[in-house]
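Spelled out from the first residue to the last, the chains are:
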Amino acid sequence: MGAVTTSPSSPEPPSGGPAPSVDVVLPCLDEAAALPWVLRRIPPGWRALVVDNGSTDGSGRVARELGATVVRETRRGFGAACHAGLTAATAGIVCFCDCDASLDPSDLVPFVDEVRSGAADLVLGRRRPKGRGAWPPHARAGNAALSLLLRRRTGLRLRDLGPLRAARREELLALDLTDRRSGYPLEMVVRAADAGWRITEHDVPYTPRTGASKVTGTWRGTYQAVRDMSRVLQGPPTREEVTW
């Protein structure tokens, strides 16, 4: 198992002070350039949990300086980073958002409202590309193929398996997610569907990311993500260690 530790210099709510109403998990691998834009858009009263998954560009330091709580996950993998953030969260509602400035965390506000009101158990963002290069054709094709496989497996008619999402923390933990690779987001949806969750989807702007993509920016990365997610649909996910 990878070590998960909160940085001792990370700002935490003062003793007796208000707890965060929402925790936003931000898996991070070398996103120092994008962090200022992302963290400025965290809604007031919410807490940013930046999960440093082995960055070498000072992302953890930048995040701390900008007021985020930093969680360190030594085991590499997108799912490992996401789950480390989930287990470190304390708020009743937990959101997930990429840390590359392609998605705006302030768009999560209506997602949280929907979960809090009881209208939905899991709310997902359907990415709508804005700007050239926001969503490469090969990545879009891979997502469409997985959406079709998901429909056959669960009956859900989702058009995207994007990373922007919100749900209640205790219910997410009860799903007992085990994938620590690129299949983590899909496993969350599959297990939620199997548990009878009400799952909704809403359009969100999707803009070109800051820096180089670790997954959808390359054919190899997209292939790996599709392979990992297909494995989730076919059987129990693995706990293999991989890079992003």
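Structure report, in brief. Computed from a predicted structure; not experimentally measured.

**Regarding the pairing of strand 2 (residues 22–28)**
- Within strand 2, seven of the seven residues are buried, leaving the element largely enclosed by the surrounding structure.
- Burial of the side chains of strand 2 extends over both faces: V22, V24, L26 and C28 are buried on one face and D23, V25 and P27 on the other.
- Alignment of strand 2 against strand 3 (residues 46–52), held across seven bridges, turns out to be parallel. From the neighbouring strand, D23 faces strand 3, where its bridge partner is R47.
- Handedness of the strand 2-helix 1 (residues 35–40)-strand 3 crossover: right-handed.
- With four bridges joining them, strand 2 and strand 5 (residues 93–96) adopt parallel strand pairing. What sits directly across from V25, in strand 5, is F96.

**Here we look at the pairing of strand 4 (residues 69–73)**
- Taken across its five residues, strand 4 has four buried, putting it largely inside the fold.
- Examined bridge by bridge, strand 3 and strand 4 share four bridges and lie parallel to one another. Considered in strand 4, the bridge of D52 is made with R72.
- Traced from strand 3 through helix 2 (residues 59–65) to strand 4, the parallel crossover comes out right-handed.

**Details of helix 7 (residues 184–194)**
- Counting buried positions over the eleven residues of helix 7 gives eight, a clear majority of the element.
- Within helix 7, the full set of buried residues consists of Y184, P185, L186, E187, M188, V189, V190 and A192.
- Just beyond helix 7, the residue with positive phi is G196, at close to 80 degrees.

**So, the pattern of salt bridges**
- Applying the stated criterion across every chain yields a total of nine salt bridges.
- Across the pair R47 and D23 runs a salt bridge, and its minimum N-O distance is 2.7 Å. Taken together, the residues span a long stretch of sequence, with R47 in strand 3 and D23 in strand 2 at a distance of 24 residues.
- Exposure remark for R47: the relative accessible area of 11% places this residue in the buried category.

**Topic: helix 4 (residues 109–117)**
- Among all positions in helix 4, only F111, V112, E114 and V115 are buried. Projection of helix 4 onto a plane perpendicular to its axis shows the buried side chains occupying an angular sector of 160 degrees, all on one side.
- Looking at the buried side of helix 4, the elements it contacts are strand 2, strand 3, strand 5, strand 6 (122–129), strand 7 (165–168) and strand 8 (199–206).
- Where helix 4 terminates, the next one or two residues include G118, which has phi positive at roughly 90 degrees.

**A look at the state of the cysteines**
- The final tally for this structure, using the stated rule, is zero disulfides.
- Distance from the sulfur of C95, which forms no disulfide, to the nearest cysteine sulfur (C97) is 8.8 Å.
- Sulfur of C97: no disulfide; nearest cysteine sulfur belongs to C99 and is 7.7 Å away.

Calculation criteria
- Residues numbered from 1 in each chain as written.
- Predicted model: local features only at pLDDT ≥ 70, side-chain atom pairs only at ≥ 80, totals over all residues.
- Heavy atoms only, no water.
- Buried < 20%, exposed > 50% of the residue type's maximum accessible area, 1.4 Å probe, protein only.
- Helix = DSSP H or I, 4+ residues; strand = E, 2+ residues; numbered from the N terminus.
- Pairing = 2+ DSSP bridges.
- Right-handed = clockwise from strand over helix to strand, strands pointing away.
- Salt bridge = Lys/Arg side-chain N within 4 Å of Asp/Glu carboxyl O.
- Arc of directions from axis to C-beta.
- Contact = heavy atoms within 4.5 Å.
- Disulfide = S-S within 2.5 Å.

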